[in-house]
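Summary of structural features
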Amino acid sequence: MKNPTLAKRTLRAAALFGLVALLSATAYANEPDEERTLPRGHFLLPEEGNMIGTAYTVTVEEGETLIDIGRRHNVGYDEIRMANPDVSIWAPFAGTEVVIPARYILPDAPREGIVINLSELRLYYYSSDDVVETYPISVGRDGFATPVGVTRTTVKVKDPHWSPPRSMREEAAARGDPPPAVVPPGPDNPLGRHAILLGLPSYLIHGTNMPDGVGMRASRGCIRMFPEDIESLYERVPSGTKVNIIDQPFKAAWSPDGILYAQSFPQLEENLGDFEPILNAIEVVARTFGEEKPPVDYAQLRRIVESPNGQMVSLLKVADEQPGEPRPRLDGIEEGLFSELELTQREGLIYELEIVQR
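A brief structural summary. These figures come from a predicted structure and were not determined experimentally. (Residues numbered from 1 in each chain as written. Predicted model: local features only at pLDDT ≥ 70, side-chain atom pairs only at ≥ 80, totals over all residues. Heavy atoms only, no water.)

Under the criterion given, the structure shown has one aromatic pair. An angle of 75 degrees between the planes, with centres 5.9 Å apart, marks the rings of Phe43 and Tyr104 as edge-to-face. Of this pair, Phe43 sits in strand β1 (residues 42-44) while Tyr104 is found in strand β5 (residues 103-105), placing the two residues 61 residues apart along the sequence. Between Arg103 and the ring centre of Tyr261, over which it is positioned, the NZ or CZ distance is 5.1 Å. A cation over an aromatic ring shows up here: Lys156 above the ring of Tyr234, its NZ or CZ 5.3 Å from the ring centre. (Phe/Tyr/Trp six-rings, centres within 6.5 Å; stacked < 30°, edge-to-face > 60°. Helix = DSSP H or I, 4+ residues; strand = E, 2+ residues; numbered from the N terminus. Lys NZ or Arg CZ within 6 Å of the ring centre and 35° of its normal.)

Attention shifts here to the pattern of salt bridges. Under the counting rule described, the total for this entry stands at 12 salt bridges. Salt-bridge contacts for Lys242 lead to Glu112; the nearest nitrogen and oxygen are separated by 3.3 Å. Note that Lys242 is positioned in strand β15 (residues 242-246) and Glu112 in the loop between β5 and β6 (113-117), a separation of 130 residues in sequence. For Glu306, the salt bridge goes to Arg302, with nearest N and O atoms at 2.8 Å. (Salt bridge = Lys/Arg side-chain N within 4 Å of Asp/Glu carboxyl O.)

Further remarks concern helix α7 (residues 227-236). Among the residues of α7, those classed as buried are Asp229, Ile230, Leu233 and Tyr234. Projected down its long axis, α7 carries its buried residues within an arc of 135 degrees, all on one side. (Buried < 20%, exposed > 50% of the residue type's maximum accessible area, 1.4 Å probe, protein only. Arc of directions from axis to C-beta.)

So, about the pairing of strand β17 (residues 260-264). Burial of β17 is extensive: five of the five residues sit out of reach of the surface. On β17, burial covers both faces: Leu260, Ala262 and Ser264 on one face and Tyr261 and Gln263 on the other are all buried. By the bridge criterion, five bridges tie strand β16 (residues 250-254) to β17 in an arrangement that is antiparallel. Its bridge partner lying in β17, Trp254 is registered against Leu260. Here β16 hands over to β17 after five residues, with Gly258 in that stretch at a positive phi of 85 degrees. Note: β17 against strand β18 (residues 313-314), two bridges, orientation antiparallel. By the bridge assignment for β18, Tyr261 is matched with Ser314. (Pairing = 2+ DSSP bridges.)

With that out of the way, let us pick up the packing of helix α8 (residues 277-289) against helix α9 (residues 298-306). Relative orientation of the contacting elements α8 and α9 amounts to 125 degrees, with a least axis distance of 10 Å. Viewed along their axes, α8 and α9 adopt a mutual orientation that is oblique. For the pair α8 and α9, the sense of crossing is right-handed. Two secondary-structure elements touch here, α8 through Pro277, Ile278, Ala281, Ile282 and Val285 and α9 through Tyr298, Leu301, Arg302, Val305 and Glu306. (Axes fitted to C-alpha atoms, helices over the stretch in contact; angles between N-to-C directions. Parallel < 35°, antiparallel > 145°, perpendicular 65-115°, else oblique. Left-handed = near helix turned anticlockwise from the far one by under 90°. Contact = heavy atoms within 4.5 Å.)

See below:
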């Protein structure tokens, strides 16, 4: 479906910007009633656009950790930490208000099967024509990168045995602590109680016996999930389901009320290559607004790319900026290489990024 026109968005945005002061005091609601009626991690697909969910707040109870709260609300370690940078992970004060960042921009990928966005540390499962599920995950840590690519689920195993990989056995032997050749099912098994094998040899989607690490780069390449989440998927994901593993550290989308939002996540260094983060962000925004050209705040865009924290941020200029004001230049990108960045409309079809070299 097509998004609302730019004219409609502009009118809506103007009204919303006039309420900025009010909205800033109530930016997060309590968990929406309509989302409480759906199972954990389930969201109705939007009729328009690519945004799901709503951010809300909860209050810390005595003895809770931020990790406990995140798990209860379907949020991983890095997500809950970045959304609440001033709150102690392990000993938050009772009564502290905690943000649950439960609003998401769907990845720019076909809405079918399982989509895993590595930088976001999230899995999306399109379980029906009108529902998408999303769950926090752990992916490969430095030196054990989870590969990008398209594969499929193969065999599902309950209470799996685990054979430590050769690299782990060699490391343990060097420390004088050789591991067993096979770890049986049980509390010491790092695969947890459920595993879904992938067509990529040696890669699985599985549970864990250390759930506090879900939502960070902590595995040797496999996809880890909270035990309750992998159990749910295990029961419902058919063998042969498509699995699209992507790495999209920057996402942008229009909200239903006409605001252009973006999310920026810390990038995985192993996937950088010739990747230029700010240029990629501009290209993503260009694809998002298509033939339209909204008043994008490029200074804001640069800030969230350079300081990524996964939070939903508006990219539209505020109402008091004059239309004739020059757009901020993105100096310092590949210093000495570019003199100007500009978005141009080519053949009346789409805005593309044009780089004018010195």
